[in-house]
Amino acid sequence: MTAWWDDSPLPPPGAFDDLCAAAGGGVRAGECRRATGGARALFSTRAFARDDVVFREIPALLVQDPRNVASARACARCHALLDETPTPTACAQGCGVTYCDERCASEHFSSGGHRIACVGPLESYSHPVAALKLACAKDDDGDGLLALLTETVARCVARAEEDAAEEDGREPPGEGGGGFLRRAGAHWFVRGPSSLPAARLESYATLVSDALDAAARDGTCAEDAKRAVLGGDATRAVSELVGLLSRNQLSVVVAANKPAAAAAAAAAAAAAPSSPSSDPPPPAAYDGVGVFPLVCLMNHSCEPCAEVSFEDAGAGRGGVRAVVRAKRAIAPGDELTHAYVDVDADVSARAAALAGFGFKCVCARCARARGGGERG
Ligand SMILES: [Zn+2]
Ligand SMILES: [Zn+2]
Ligand SMILES: [Zn+2]
């Protein structure tokens, strides 16, 4: 039996075609032609003018930072901000999670795996599923990583069960957990070893593994769900997933766009005429971590041609998505790049920040700075 992480690290050719088509067809996936960045890259298929939207993309996975939940109520499925929604739909099991409407609620409960991770019907915080949820909320220095891992595992379990039901309970021969994770999309992403300390990985693995055992006993997931997703070695599987997530996750910040917030900002600006004329940035409303397959294909450059931001399309209208805009004119066939780090920093500060991503930037600007000793 082959574990999913033993597969080829690169997705088959054409794996991104559906995603590119869904994103409007202005981009295509291909092999990276430069010495920097990953083995894969994203290219434009047509011309874009400066400030044009190149593509928008909904997340493959997204969780709200547990520390942000109290200040911003968002749909747990599509992550639309719900402050303007008069009657959000609550989880029917009473766990306190809210949604845009019944559709988001039922999708999250079934294919999103919320039925496994819901603490609504539990009577005690000592229940392993509640313990996992509590650990997610307390995982301050993990920046939402445990919450993202939990959502990923719940999604994979739900997917595994859908597949098993389709195949009349029989797993495809020779696939092990691989088939399920491939279909759940894990094979799309760059993988690598986790940089977390072994003790932290073991505690994550124990929390997740105990929660799945308990869910199987409670009947909220199939008995073999844990084996299907984590294989025979939960710590190894969690380590692989953490390595994948931490390499591919983006910090997702959506600025408040409510009329009330805009009016308050305008009033504050009018009351302080001596302040600089540029508008202050709107306050952040939603804060989370997510994985976006096409954005993940974009390599870093210190002179990027595109930038990534996030917007909320609204409750019942798709929720949070990534928006990639051209920073300058882009020609058909150009590689689409964005900045992984602050490009206003000088070359040595950028190199130090990029070392955390596991590569040394050899973009033209870095080459100029290193070669000629010029600043930049
Ligand atoms: Zn929603
Ligand atoms: Zn619930
Ligand atoms: Zn560079």
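Residues numbered from 1 in each chain as written. Chains lettered and ligands numbered in written order. Predicted model: local features only at pLDDT ≥ 70, side-chain atom pairs only at ≥ 80, totals over all residues. Heavy atoms only, no water.

1. Topic: the overall build of the protein chain
Here comes step 1: Secondary structure assignment for the protein chain yields 13 helices and twelve strands.
Here comes step 2: The burial tally for the protein chain puts 45% of its 376 residues in the buried class.
Here comes step 3: Counted over contacts in the protein chain with a minimum sequence separation of 6, partners at least 24 positions apart contribute 69%.
Here comes step 4: When the accessible surface of the protein chain is summed, it comes to about 18100 Å², and 53% of that surface belongs to carbon and sulfur atoms. (Helix = DSSP H or I, 4+ residues; strand = E, 2+ residues; numbered from the N terminus. Buried < 20%, exposed > 50% of the residue type's maximum accessible area, 1.4 Å probe, protein only. Contact = heavy atoms within 4.5 Å. Areas by Shrake-Rupley, 256 points an atom, 1.4 Å probe, with all protein chains shown as cover.)

2. Quick look at the nonpolar core
Here comes step 1: Judged by nonpolar contacts, the single largest core of 41 residues is most densely connected at L149, V153, V157, Y204, L230, V242 and L245.
Here comes step 2: Only β4 (61–64), α4 (128–138), α5 (145–166), α7 (198–218), α8 (225–230), α9 (234–248) and β8 (284–291) provide two or more residues apiece to this core.
Here comes step 3: Considering each element in turn, this core owes the most residues, nine residues, to α5. (Core = buried A, V, L, I, M, F, W, Y, C linked by side-chain atoms within 4.5 Å.)

3. With respect to the packing of α7 against α9
Here comes step 1: In the contact formed by α7 and α9, the axes pass within 9 Å of each other and the chain directions differ by 110 degrees. Looking at the two axes, α7 sits roughly perpendicular to α9. Seen from α7, the contacting residues are L201, E202, Y204, A205 and S209; seen from α9, they are A234, T235, V238, S239 and V242.
Here comes step 2: Looking at the contact of α7 with α9, its residues break down into six nonpolar, three polar and one charged. (Axes fitted to C-alpha atoms, helices over the stretch in contact; angles between N-to-C directions. Parallel < 35°, antiparallel > 145°, perpendicular 65-115°, else oblique. Nonpolar A, V, L, I, M, F, W, Y, C, P; charged D, E, K, R; others polar.)

4. Describing the coordination of the zinc ion (ligand 2)
Here comes step 1: Listed as protein donors to the zinc ion (ligand 2) are C91 (SG), C95 (SG), H114 (NE2) and C118 (SG); their distances from the metal cover 2.1 to 2.3 Å.
Here comes step 2: Every donor counted, the four donor atoms about the zinc ion (ligand 2) form angles of 105 to 113 degrees at the centre, which fits tetrahedral coordination.
Here comes step 3: Counting gaps between the donor residues of the zinc ion (ligand 2) yields the pattern C-x3-C-x18-H-x3-C. (Donors = N, O, S within 2.8 Å, 3.2 Å for Na, K, Ca; no water. Tetrahedral: all angles 85-135°; square planar, octahedral: opposite > 155°, others 65-115°.)

5. Describing the coordination of the zinc ion (ligand 3)
Here comes step 1: Each protein donor to the zinc ion (ligand 3) is listed here as C302 (SG), C361 (SG), C363 (SG) and C366 (SG); together their distances run 2.3 Å.
Here comes step 2: One can describe the donor arrangement at the zinc ion (ligand 3) as tetrahedral, given that its four donor atoms subtend angles of 100 to 115 degrees at the metal.
Here comes step 3: Counting the intervening residues between successive donors of the zinc ion (ligand 3) yields the motif C-x58-C-x1-C-x2-C.

6. Some details on the pattern of salt bridges
Here comes step 1: Scanning all chains against the criterion turns up ten salt bridges.
Here comes step 2: In this structure, the salt-bridge partner of R155 is E151, at a minimum N-O distance of 3.8 Å. Separated by four residues within a single helix, R155 and E151 lie in helix α5, roughly one turn from each other.
Here comes step 3: We classify R155 as partly exposed; its relative accessible area is 22%.
Here comes step 4: Ionic pairing is found between E307 and K327, a salt bridge with its closest N-O pair at 3.9 Å. On the criterion of sequence distance, the pair formed by E307 in strand β10 (residues 306–312) and K327 in the loop between β11 (320–326) and β12 (337–338) is long-range, its members being 20 residues apart.
Here comes step 5: A residue is classified by how much of its surface remains accessible, and E307, at 43% relative accessible area, is partly exposed.
Here comes step 6: Residues participating in the shared-partner salt-bridge network are R56, E311 and R321. (Salt bridge = Lys/Arg side-chain N within 4 Å of Asp/Glu carboxyl O.)

7. Focus on the pairing of strand β2 (residues 40–44)
Here comes step 1: Burial analysis of β2 places five of its five residues in the buried class, which makes it a mostly covered element.
Here comes step 2: Side-chain alternation along β2 places R40, L42 and S44 on one buried face and A41 and F43 on a second face that is also buried.
Here comes step 3: Sheet analysis places strand β1 (residues 27–31) next to β2, joined by five bridges and oriented antiparallel. Note that in β2 the partner of G30 across the bridge is A41. (Pairing = 2+ DSSP bridges.)

8. Observations concerning the sheet that holds β10
Here comes step 1: A sheet is described by the order of its strands in space; here three strands give the open sequence β3-β11-β10, paired in antiparallel fashion. Either end of the sheet is taken by a strand with one partner, and the two such strands are β3 (53–57) and β10. Sheet twist, expressed as the average angle between the axes of neighbouring strands with direction ignored, equals 25 degrees.
Here comes step 2: Inspection of the sheet shows β3 paired to β11 by four bridges, in the antiparallel sense. Among the inter-strand pairings, F55 is bridged to a residue of β11, identified as V324.

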